[in-house]
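Understanding the architecture of this molecule
The lines below spell out each chain.
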Amino acid sequence: MLGYSGYTEHSDYYIAPHDTWESAFEFLKQLACESGDDEFCIGEVHQTSELEFGNIKWYKWNEDKGAWVQYD
């Protein structure tokens, strides 16, 4: 596994892989806030003949809870 990556709701690209899930999650939260998005996904990046993404989870800002909440 190369690390963890993801993208925000309206992004055209995945972020560069981070070594830890926590690091990628924090980066994506900040990126989403700065770009005005309220959703992002994060997952594992694997190197095969191409880059493959797996175990992808989506998060959405929940105004009532004041937190990022995972959803399907």
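All of the points below concern the structure found in this document. (Residues numbered from 1 in each chain as written. Predicted model: local features only at pLDDT ≥ 70, side-chain atom pairs only at ≥ 80, totals over all residues. Heavy atoms only, no water.)

Our focus in this paragraph is the pattern of salt bridges. The final tally for this structure, using the stated rule, is three salt bridges. For the salt bridge of E39 with K60, the shortest nitrogen-to-oxygen distance reads 3.3 Å. Remark: K60 occurs in strand β3 (residues 51–62) and E39 occurs in strand β2 (residues 39–47); sequence separation between them is 21 residues. By relative accessible area, E39 is classed as buried at 14%. Taken together, the shared-partner salt bridges connect D38, E39 and K60 into one network. (Salt bridge = Lys/Arg side-chain N within 4 Å of Asp/Glu carboxyl O. Helix = DSSP H or I, 4+ residues; strand = E, 2+ residues; numbered from the N terminus. Buried < 20%, exposed > 50% of the residue type's maximum accessible area, 1.4 Å probe, protein only.)

Here we come to the packing of aromatic side chains. This model, assessed by the stated rule, comprises eleven aromatic pairs. An angle of 75° between the planes, with centres 5.0 Å apart, marks the rings of F25 and Y59 as edge-to-face. Of this pair, F25 sits in helix α1 (residues 21–35) while Y59 sits in strand β3, and the two are 34 residues apart along the sequence. Using a relative accessible area of 11% as the deciding quantity, one classes F25 as buried. Overall, the relative accessible area of 9% leaves Y59 in the buried class. Note on F40 and Y59: the rings are 5.6 Å apart at their centroids and 20° apart in plane angle, and the pair reads as stacked. Of the two residues, F40 is situated in strand β2 and Y59 in strand β3; the sequence distance between them amounts to 19 residues. The residues F40 and Y59 share a single accessibility class, namely buried. (Phe/Tyr/Trp six-rings, centres within 6.5 Å; stacked < 30°, edge-to-face > 60°.)

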